[in-house]
Structures are given as C-alpha cells and as structure tokens.
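Understanding the architecture of this molecule
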Amino acid sequence: MAPRTARGSEPLVDGIETAVYTVPTDAPEGDGTLAWDSTTMIVVQVRGGGATGLGYNYGAAATAHVVEQQLADVVTGRCAWDVPAANEAMNRAVRNVGRPGLVAGAVSAVDIALWDLKARLLDLPLTRLFGASRTHVPVYGSGGFTTYDEHQLDRQLRRWAEEQGIPRVKIKIGESWGRAEQRDRERITQARRSIGDVSDLYVDANGAYTRKQAIRMGRHLDAHGVTWFEEPVSSDDVAGLAQIRAAVAPEVTAGEYGYTLAYFGHMLGAGAVDCLQADATRCGGITVWLRAAALAEAAGLELSGHCAPHVHAHAAAAIPNLRHLEWFHDHVRIEDLFFDGTLAPQGGSIRPGADGEPGHGLTLRAEQAEKYRTG
C-alpha cells in the first residue's frame with residue numbers, strides 16, 4: 001500500500017507500534033534513595049511516508065499502554081512534518097489523564113520518534129534538521145552507585161578517565177537517605193584518588209539529604225575539588241536548592257524530574273540551580289527539551305542533558321548553551337546492546353551526525369532486543 005500523504009504530497013503518520021524490554025543490570029545498582037536490579041526501556045516506532053522513526057524512554061511498562069490507548073489515535077493521520085503540532089495535540093489529549101510522570105514519558109517517546117521520522121524522510125541527520133551549534137558534544141561518565149564496593153568504583157572511574165579519556169565523572173552519594181554520611185565522605189575521597197587531580201569530580205545525592213546536611217557536606221566536597229552537586233535535596237524543594245546554592249562552593253544542579261516547561265521556569269525563577277538539567281525522555285521529548293534550553297539561555301545558564309545520551313546527542317549539538325550530556329552507565333550499556341549506530345566518547349565528547357546517517361542514526365537490533373522483550 002502506498003504511503004498516505006497530506007495535501008497531495010506531504011507524508012502522514014500511518015501508525016505507531018510499541019515494545020517493552022527489561023534488561024538486568026550487570027551488578028546491583030542503587031543511589032541515595034532507590035535500589036534496582038533491572039532497567040525497562042519502552043521503544044516506540046512511528047511509521048509514515050514509507051519510513052519509520054524510532055523513539056524510546058526508560059520507565060514503567062505501562063508507558064506503552066499510554067502510547068497505544070491515549071496517543072496513537074491523536075498522532076495517526078497527522079502530517080509528519082509538523083512535530084510541534086503533534087506534541088501540542090498529545091499534551092491536550094492527556095489533560096484529564098494526568099500529564100506529569102509516566103504519561104509525560106509516553107508523550108516524550110512519541111515526540112522523539114516523530115523527530116526521527118521527519119529527519120529520515122528528509123534524509124538528514126537530526127543535527128542538520130535542527131542546525132548545529134557545535135560538532136562535538138561533551139559528556140561526563142555517570143554511575144558510581146552506592147552499591148559498588150571500592151574495587152567496582154575504582155574500576156569504573158578509571159575506565160572513563162584513563163581508557164576513554166572522559167575528563168569529568170560522577171558518583172552517587174546520600175546513601176540510605178543520607179544516613180551514611182561517613183561512607184559518603186570516604187567514597188568521595190576514594191573517587192578523587194581514582195581519577196587524580198586533573199579530572200572533574202561530580203556527585204549526585206538524588207534528593208537524599210536535608211538542607212543543613214547538604215550544606216555540611218558541601219565543605220567536604222569543596223575540599224576534594226567537587227564542582228557539581230546534583231539534587232542535594234529534592235528537586236521539588238526549590239527554596240532549599242536556592243539556599244544550598246548560596247551556601248556551598250560546588251555548582252548546584254537539578255531538573256531531571258521536570259515534566260513540563262513550566263517546571264523549568266519555576267526552578268529558574270527561584271534561582272535554584274547553577275546549571276539546569278532536563279531529560280527529553282520525560283519533559284515532553286526533544287520539542288520541549290529545546291524549549292527548556294532556551295529558557296535556561298534566557299536566564300544566563302547552561303543546560304545539561306540527563307541520561308539516555310543517544311536521545312539527546314543531536315539536540316545537544318544544536319543549542320549554544322550546552323554544558324554536557326550524562327554518559328550514564330546503565331543506559332549506555334543498553335543502547336550499545338540494542339542499537340546499531342551508537343557513539344563512542346573517546347576524549348570526552350561525541351560527534352552526532354558525523355557519519356551522515358539520517359535521523360538520530362540508531363537502528364534497532366530487533367533479534368538481539370527480542371531476548372529481553374517483556375511486552
């Protein structure tokens with residue numbers, strides 16, 4: 001059957017398919033507030049004009065049901081060129097369902113797939129479709145889970161710093177909701193010893209500390225040259241973030257749980273962060289991620305992409321106020337396993353679109369992925 005077209009020649013979205021995959025971690029993982037032994041990826045494929053766009057996020061399996069039951073009919077039949085219009089239509093359609101959280105993840109995955117579809121129809125890398133601000137996108141190694149022992153932590157940090165040449169790395173702290181401060185301090189000291197004095201050291205408390213705890217911890221961070229203090233308290237506590245930001249030397253960062261553009265505006269308006277984070281797999285896709293970058297730029301701040309690095313790579317190359325992307329251990333491992341066309345961060349940066357492949361350049365290894373399919 002010939003592809004459906006709008007106004008005689010413009011391609012229409014023909015349909016949407018979803019799949020759910022669950023991948024065990026390669027070791028127990030945990031941070032200050034959660035522990036897990038597997039990661040679930042929801043893949044969305046959007047067909048139109050004889051091409052297929054691929055999007056995905058990390059979350060609950062129910063995300064696929066939201067795509068199928070709430071979003072598929074909204075997007076099907078729309079012109080594939082008009083991704084922002086589809087994004088707006090999806091947002092309006094889920095008003096009474098409740099957009100923040102899981103539903104926002106579903107909207108995000110479809111939006112990512114729609115951008116990939118459009119670029120593939122035009123036979124352009126997404127960097128060319130968006131227009132590039134840079135050729136190289138900096139990344140930072142991220143993992144350092146609280147569940148790691150001393151040898152696991154050292155091995156991971158040295159692999160990033162020494163083998164891949166990534167000059168910035170991050171570990172998790174705030175163990176047991178902040179009730180293991182001494183072990184946090186020891187792990188920070190060990191991390192600095194593993195990477196030496198040249199590499200940047202970041203920490204992420206995942207909202208585990210109280211305000212005063214975070215301020216006390218700030219002195220130890222500064223003594224070990226830590227420059228990035230992520231979510232010292234809950235990201236919903238914007239007043240607390242602002243208080244901590246004023247009291248500690250490391251940069252305070254947050255934003256990964258932003259599900260709406262207004263959330264980022266609220267965080268910036270409160271003076272809560274030195275660098276804004278946003279996650280395209282949660283905030284509404286690439287469409288809203290680019291808008292969050294513009295908000296941050298207007299506030300004089302840079303933006304850092306949270307997790308799912310291959311989702312963010314091309315959009316990151318398009319914004320002038322990019323800080324870096326998170327080269328998150330769990331997601332990098334899954335993306336390398338599931339997709340052809342993944343990138344390598346030798347020297348601490350990646351080059352999205354350099355191979356000229358259309359879209360985000362990823363192709364699902366269907367046979368390989370099928371081993372992990374759960375829905």
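Up top is the structure.
What counts and how
Residues numbered from 1 in each chain as written. Predicted model: local features only at pLDDT ≥ 70, side-chain atom pairs only at ≥ 80, totals over all residues. Heavy atoms only, no water. Helix = DSSP H or I, 4+ residues; strand = E, 2+ residues; numbered from the N terminus. Buried < 20%, exposed > 50% of the residue type's maximum accessible area, 1.4 Å probe, protein only. Contact = heavy atoms within 4.5 Å. Polar contact = N/O pair within 3.5 Å; in protein donor to acceptor, adjacent residues only side chain to side chain. Axes fitted to C-alpha atoms, helices over the stretch in contact; angles between N-to-C directions. Parallel < 35°, antiparallel > 145°, perpendicular 65-115°, else oblique. Left-handed = near helix turned anticlockwise from the far one by under 90°. Phe/Tyr/Trp six-rings, centres within 6.5 Å; stacked < 30°, edge-to-face > 60°. Salt bridge = Lys/Arg side-chain N within 4 Å of Asp/Glu carboxyl O. Expected span 1.5 Å × (residues − 1). Pairing = 2+ DSSP bridges.

**Section: the environment of Asp 26**
With respect to the element layout, Asp 26 can be found in strand β3 (residues 13–30). Taking relative accessible area as the criterion, Asp 26 reaches 46% and is therefore assigned partly exposed. Between the alpha carbons of Asp 26 and Asp 330 there is a distance of 8.5 Å; along the sequence they are 304 residues apart. With residues up to four places along the chain from it excluded, the contact list for Asp 26 reads His 329 and Arg 333. Among the polar contacts listed, one links the side chain of Asp 26 to the side chain of His 329, at a separation of 3.0 Å.

**Here we look at the packing of helix α2 (residues 83–93) against helix α3 (residues 102–121)**
Where α2 meets α3, the closest approach of the two axes is 10 Å, and the angle between their N-to-C directions is 165°. Between α2 and α3, the interaxial angle falls into the category roughly antiparallel. The handedness of the crossing between α2 and α3 is right-handed. Mapping the contact onto sequence places Val 83, Pro 84, Ala 86, Asn 87, Met 90 and Asn 91 in α2 and Val 107, Val 110, Asp 111, Leu 114, Trp 115 and Lys 118 in α3.

**Overview of the packing of aromatic side chains**
One pass over the structure, following the stated rule, counts 13 aromatic pairs. Plain terms: the ring middles of Tyr 21 and Phe 338 are 5.2 Å apart, the flat faces sit at 90° to each other, and that makes the pair edge-to-face. Note that Tyr 21 is positioned in strand β3 and Phe 338 in helix α13 (residues 329–338), a separation of 317 residues in sequence. A relative accessible area of 0% means that Phe 338 is categorised as buried. Considering the side-chain rings of Trp 115 and Phe 130, the 5.3 Å spacing of their centres and the 70° angle between planes classify their relative orientation as edge-to-face. Placement of the pair is Trp 115 in helix α3 and Phe 130 in helix α4 (residues 126–130), with a sequence separation of 15 residues. Trp 115 sits in the buried class, given a relative accessible area of 10%. By the ring-pair criterion, three or more aromatic residues cluster together here, those being Trp 36, Phe 145, Tyr 148 and Phe 328.

**Overview of the side chain of Thr 63**
Within the secondary structure, Thr 63 is located in helix α1 (residues 62–75). Polar side-chain contacts of Thr 63 include one of 2.8 Å to the backbone oxygen of Ala 60. Beyond its immediate stretch of four places on either side in the chain, Thr 63 contacts Ile 42, Asn 57, Leu 102, Gly 105 and Ala 106.

**A short note on the pattern of salt bridges**
Proximity of charged atoms lets side chains of opposite charge pair with each other. Throughout the structure, instances matching the rule amount to 21 salt bridges. Between Lys 170 and Glu 230 there is a salt bridge, and its shortest N-O distance comes to 2.7 Å. With Lys 170 in strand β7 (residues 168–172) and Glu 230 in strand β9 (residues 226–230), this pair connects stretches of sequence that are 60 residues apart. Accessibility expressed as a relative area gives 0% for Glu 230, which makes it buried. Across the pair Glu 181 and Arg 216 runs a salt bridge whose closest N-O atoms are separated by 3.1 Å. Of this pair, Glu 181 sits in helix α7 (residues 181–195) while Arg 216 is found in helix α8 (residues 211–223), placing the two residues 35 residues apart along the sequence. Salt bridges here are not isolated pairs; linked through shared partners, they connect Lys 170, Lys 172, Asp 204, Glu 230 and Glu 326.

**A few points about α7**
End to end, α7 covers 21 Å across 15 residues, agreeing with the expected 21 Å (1.5 Å per residue, within 8%). Along α7, the positions that sit buried rather than exposed are Glu 181, Asp 184, Arg 187, Ile 188, Gln 190, Ala 191, Arg 192, Ser 194 and Ile 195. Elements in contact with the buried residues of α7: α5 (150–163), β7, α6 (175–178), β8 (200–204), α8 and β9. Following α7 by one or two positions, Gly 196 adopts a phi angle in the positive range, close to 80°.

**Observations regarding the sheet that holds strand β4 (residues 35–48)**
Paired through backbone hydrogen bonds, the strands of a sheet run either parallel or antiparallel to each other. Ordered in space as β3-β4-β5, the three strands form an open sheet in which the pairing is antiparallel. Since the sheet does not close on itself, it has two edges, and those belong to β3 and β5 (51–58), each with one partner. Sheet twist, expressed as the mean angle between neighbouring strand axes with direction ignored, is 20°. For β4 and β5, the ladder comprises eight bridges, and the chain directions are antiparallel.

Worth remembering: the numbers are spatial, not functional.
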